[in-house]
Number of protein chains: 2
Amino acid sequence: MGKNRSAPTLNDVAREAGVSTATVSRCLNSPDRVIETTRQRVMQAVESLGYTPNFAARVMAANRSYTIGAIIPTMDNAIFARGLQEFQDQLRQRGYTLLVSSSAYDPEMEREQIRTLVARGADGLLLIGHARDASIYTFLEQHQVPSLVAWSYTPEAQQPSVGFSNIEAMGELAQLVIGAGHRRIAMISGQTSGNDRAQGRVEGVKRAMAQSGLDAATLTLIETDYEIEKGADAFAQLMTLSPRPTVVMCGNDVLAAGALSEARRLGIKVPEQVSVTGFDDIELAEIVSPGLTTVHVPHREMGREAARELTAMVEGKSAGQSVCIKTRLMARHSLAEPPCQ
Amino acid sequence: MGKNRSAPTLNDVAREAGVSTATVSRCLNSPDRVIETTRQRVMQAVESLGYTPNFAARVMAANRSYTIGAIIPTMDNAIFARGLQEFQDQLRQRGYTLLVSSSAYDPEMEREQIRTLVARGADGLLLIGHARDASIYTFLEQHQVPSLVAWSYTPEAQQPSVGFSNIEAMGELAQLVIGAGHRRIAMISGQTSGNDRAQGRVEGVKRAMAQSGLDAATLTLIETDYEIEKGADAFAQLMTLSPRPTVVMCGNDVLAAGALSEARRLGIKVPEQVSVTGFDDIELAEIVSPGLTTVHVPHREMGREAARELTAMVEGKSAGQSVCIKTRLMARHSLAEPPCQ
């Protein structure tokens, strides 16, 4: 016997149970209209074949797999976990299963995974950020697979997005930092190449500086991977500068956690000697000591809205509508006035 | 035009380019044997259809999708992220794409996701732990989809596993705790129902107590979800006991991080007044203050071995061989002697 990888059909169940497909349908839809022994035989066949009546019936009816794919840059550090969990819960309530793929911030890998998910019959895709080759969108169009961008809100882009403006969110935090009196500002950013969220956050800091009459060119910027140790390394490097920056704004909470742990190692007091800020407000932000002043991203709300919009697109009820999610500042203890000079 | 969800075939490319399939093959395999204008036309068709020659050729040759599914209990808190990332990297080197699904520790959801992944053509599945309904294994056998269990090592189980003995790993840590002089031991465990890893860790503590002449029935045990706030709540509850436990052993680092942050909130000094231990040695364990004494699980090694073994099973080179991964104790500062009475 060859491999039978496709889901079992109504026909398979009928054959296995030795009844007509109409009888199988009756057993599933109006079991009281079928005599008990027949019903038992059919349900045995249903069970042994692993036939999922609703699933298969809906797929037949709608030519859908009721599978949604999401391609995220990383599974590490829970950056995407919370939003994705809510996205999945909401999808499930609508009868969809989520399959996730992680691209390790590698565009070539993302392209492969998009192809795999389309080849595996995904009804729609959630993608993170806008920065990718246009040919990918052409490919998705050809296969009539709707896609929605999350973690970014760019209403002027062709692709619909559910998220927030990284420029404005980080800009607001930078205003707070500057308002506290900081002038020597350093930033540890994620790699900006191919990452519109990271680019937006750097841009947000620069714009806030310019708006406050500071020279944005004086921003000391280090780009590195979103990893705790990388945040620690970058922080150590910044602390060798003379004069030292009085604040280190980090591209996300993971980098900021690394910065805090390196500060502890170096015996540098946060925020007394140097302030540190994050972005995302993942659980880590509350656990580290001192607690991180950061940008709170309502990940659950974003996941919920993304599920609502993407299923509407898949079901032909929406052509793709962008949704703006509001972030807010979360003040804890890692930001204070700069030390007296 | 109806939806065309399956990957484009050699035939589709030939039709699009207006050439024979043999010409398409030649273009792909020996391009110098095809005249330039034809080659350009074919490569244009390849690109516009999103045809992936190697992928499709291999699928045709081997009746494989080169897709592996993994169903993990949660994407939160990076418990599985690191091992999974290495699993994916190793799969990719072997030409496979990984699709991940998260069951939220819900057996019914896991069952749905297994069916979805099989229906979507997964060549093999990675599952976490052994505890699941036998009918799932029957289903996988019927569909000839090999599966491998990870995060657990149970050579006596029918299902091959790549992992470690949760009993022994936690038992070793409990020996260290008891060796430091602790007698009033409390444990914050994950939910043990349907979770053989959580069960094993509790069992490990109890066995170590018995081996040291302590009454295992004196273990104060709280079961809760693997979430930081749940660890905090459970810790607060334990601190109301009189006499207080002198050590709180946690089922994983996430719970322990919650315990530490609650201790800080309550003004209870760790480890001076109460010791806290974790399990997993995820990055969190090093970042929290004091650093967690925990069990180091070599997640990358486990991911690597799991990828090697599962692809061997998929390719018919192995019938499924269990692999034992060695954990080790990681001593930091959260465990000390109990306070003087």
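Parameters and conventions
- Residues numbered from 1 in each chain as written.
- Chains lettered and ligands numbered in written order.
- Predicted model: local features only at pLDDT ≥ 70, side-chain atom pairs only at ≥ 80, totals over all residues.
- Heavy atoms only, no water.
- Least-squares fit on C-alpha atoms with pLDDT ≥ 70 in both.
- Contact = heavy atoms within 4.5 Å.
- Pairing = 2+ DSSP bridges.
- Helix = DSSP H or I, 4+ residues; strand = E, 2+ residues; numbered from the N terminus.
- Axes fitted to C-alpha atoms, helices over the stretch in contact; angles between N-to-C directions.
- Buried area = accessible area lost by both parts, 1.4 Å probe.
- Salt bridge = Lys/Arg side-chain N within 4 Å of Asp/Glu carboxyl O.
- Polar contact = N/O pair within 3.5 Å; in protein donor to acceptor, adjacent residues only side chain to side chain.
- Phe/Tyr/Trp six-rings, centres within 6.5 Å; stacked < 30°, edge-to-face > 60°.
- Buried < 20%, exposed > 50% of the residue type's maximum accessible area, 1.4 Å probe, protein only.
- Right-handed = clockwise from strand over helix to strand, strands pointing away.
- Patch = residues over 30% accessible without salt bridge, like charges linked within 9 Å, V, L, I, M, F, W, Y side chains within 5 Å.
- Areas by Shrake-Rupley, 256 points an atom, 1.4 Å probe, with all protein chains shown as cover.
- Lys, Arg positive; Asp, Glu negative; His and termini not counted.
- Charge placed at Lys NZ, Arg CZ, Asp CG, Glu CD.
- Parallel < 35°, antiparallel > 145°, perpendicular 65-115°, else oblique.
- Left-handed = near helix turned anticlockwise from the far one by under 90°.

In the annotation of an unreviewed UniProt entry, chain A is listed under the name HTH-type transcriptional repressor CytR and assigned to Falsiruegeria litorea R37.

Draft legend 1. Looking closely at the relation of the copies chain A and chain B. Superposing chain A onto chain B takes a rotation of 180° plus a shift of 0.0 Å along the axis, which leaves an RMSD of 0.1 Å. Here the two chains are linked by the operation of a two-fold rotation axis. Taken together, the interface assignments show that 100% of the residues at the interface of chain A recur at the interface of chain B, consistent with an identical surface on both copies.

Draft legend 2. Structural view of the sheet that holds strand S9 (residues 275-277) of chain B. Residues and elements named next belong to chain B. Pairing in this open sheet of 4 strands is parallel, and the strands run S7-S6-S8-S9 from one edge to the other. Each having just a single partner strand, strand S7 (220-224) and S9 make up the two edges of the open sheet. Here the average twist between neighbouring strands, direction ignored, is 15°. Direction of pairing for strand S8 (residues 247-250) relative to S9: parallel, over a ladder of 3 bridges. Within S9, the position partnered with valine 248 by the bridge is valine 276. Along the sheet face, helix H11 (residues 253-266) touches strand S6 (185-190), S7, S8 and S9 and points at about 155° away from the line of S9.

Draft legend 3. Representation of the interface of chain A and chain B in the model. Taken residue by residue, the interface counts 66 residues in chain A and 67 residues in chain B. Buried area between chain A and chain B, summed over both chains or domains, comes out near 5700 Å², and the portion from carbon and sulfur atoms is 45%. Along the contact surface separating chain A from chain B lie 4 salt bridges. Put simply, Arg92(A) and Glu112(B) hold a salt bridge, and the shortest N to O gap is 3.0 Å. On the surface where chain A and chain B come into contact, there are 16 residue pairs in polar contact (both at pLDDT 80 or more).

Draft legend 4. Structural context of the packing of aromatic side chains. All names here are of chain A. One pass over the full model with this rule turns up 8 aromatic pairs over all chains. Centre to centre, the rings of tyrosine 66 and tyrosine 96 are 4.7 Å apart; their planes meet at 40°, and the pair counts as tilted. Taken together, the positions of tyrosine 66 in the loop between helix H4 (53-62) and strand S1 (67-72) and tyrosine 96 in the loop between helix H5 (81-93) and strand S2 (97-102) put the pair 30 residues apart, joining distant regions of the chain. Taking relative accessible area as the criterion, tyrosine 66 reaches 9% and is therefore assigned buried.

Draft legend 5. Looking closely at the pairing of strand S4 (residues 147-150) of chain B. All names here are of chain B. With burial as the criterion, each face of S4 is covered, one bearing Ser147 and Val149 and the other bearing Leu148 and Ala150. Bridge count between strand S3 (residues 124-128) and S4: 4 bridges; the pairing is parallel. Bridge pairing in S4 places leucine 126 opposite leucine 148. In this region the chain leaves S3, passes through helix H7 (residues 134-142) and returns to the parallel neighbour S4; the handedness of that crossover is right-handed. Judged from the 2 bridges that link them, S4 and strand S5 (residues 161-163) form a sheet pairing that is parallel. Of the residues in S5, the one forming a bridge with valine 149 is serine 161.

Draft legend 6. Representation of a negative patch on the surface in the model. There is a patch of like negative charges on the surface, built from Glu227(A), Glu229(A), Asp233(A) and Glu286(B). Checked against the element boundaries, Glu229(A) lands in helix H10 (residues 228-238). Classification of Glu229(A) by relative accessible area gives partly exposed; the value is 43%.

Draft legend 7. Representation of the side chain of Thr23(B) in the model. All names here are of chain B. Position of threonine 23 among the secondary structure elements: in helix H2 (residues 21-29). Among the residues examined, threonine 23 registers a relative accessible area of 13% and is labelled buried. A polar atom in the side chain of threonine 23 sits 2.9 Å from the side chain of serine 20. With near-sequence residues (within four places) excluded, threonine 23 lies in contact with Val34 and Thr38.

Draft legend 8. Representation of the packing of H10(A) against helix H11 (residues 253-266) of chain A. Residue and element names in this part refer to chain A. Direction vectors running N to C along H10 and H11 enclose 55°, while the axes themselves pass 7 Å from each other. One element, H10, and the other, H11, form an angle in the oblique class. For the pair H10 and H11, the sense of crossing is right-handed. Along the contact surface, H10 presents Ile228, Lys230, Gly231, Ala232, Phe235 and Ala236, while H11 presents Val254, Leu255, Gly258, Ala259, Glu262, Ala263 and Leu266.

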